[in-house]
Amino acid sequence: MRFEYPKCSFIKNTNILTKNDQNKIVKYIINNNDNKNIGILLSLILGLRIGELCALRWDNINFDKKTISINKTLQRIYIKGNNKSISKVIVTSPK
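From a predicted model like this one, the values you see are computed outputs, not experimental measurements.

### Considerations on the pairing of strand β4 (residues 85-92)
- Looking at chain direction, strand β3 (residues 73-80) and β4 are connected through 8 bridges and run antiparallel. Bridged to L74 within β4 is V91.
- The turn linking β3 back onto β4 is made up of 4 residues, and N83 within it adopts a positive phi angle of 60°.

### Some points on the side chain of E52
- Here E52 is to be found in helix α3 (residues 50-54).
- Filtering out sequence-adjacent residues up to four positions away, E52 remains in contact with G47, I70, K72, T73, P94 and K95.

### Observations concerning the layout of surface pockets
- Roughly 320 Å³ of volume is contained in the largest pocket.
- Every residue along the wall of the largest pocket is listed here: N35, I38, G39, L42, L53, L56, R57, W58, I61 and I68.
- In terms of residue count, helix α2 (residues 35-46) provides more of the lining of the largest pocket than any other element does, 4 residues in total.
- Its residues placed into classes, the lining of the largest pocket shows 7 nonpolar, 2 polar and 1 charged.

Calculation criteria
Residues numbered from 1 in each chain as written. Predicted model: local features only at pLDDT ≥ 70, side-chain atom pairs only at ≥ 80, totals over all residues. Heavy atoms only, no water. Pairing = 2+ DSSP bridges. Helix = DSSP H or I, 4+ residues; strand = E, 2+ residues; numbered from the N terminus. Contact = heavy atoms within 4.5 Å. 1 Å grid on protein atoms, 1.4 Å probe; cavity = no way out; pocket = protein on both sides within 12 Å on 5 of 7 lines; lining within 4 Å. Points joined across faces, edges and corners; volume = space filled by probe spheres on them. Nonpolar A, V, L, I, M, F, W, Y, C, P; charged D, E, K, R; others polar.

Okay, here's the thing in structure tokens:
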């Protein structure tokens, strides 16, 4: 029996960073260190999604053990109401 993977029609062109590209980004962030850049570095190195990064709290970081616990994700949900649209931020379990 031969198995064939299904065709994926929704992914057109996927650009993946090379190791060289990743190293350039890391070097730039180390030399231009701010909150936004540190978030990009964490996402790049740890593979975090934006919602997981935004839900991080200081108590998720254990400096003694050198670990970060990812146990929540943040989402902004848009709700259409009577002639206006509002948004709500919710924090849930990550994927």
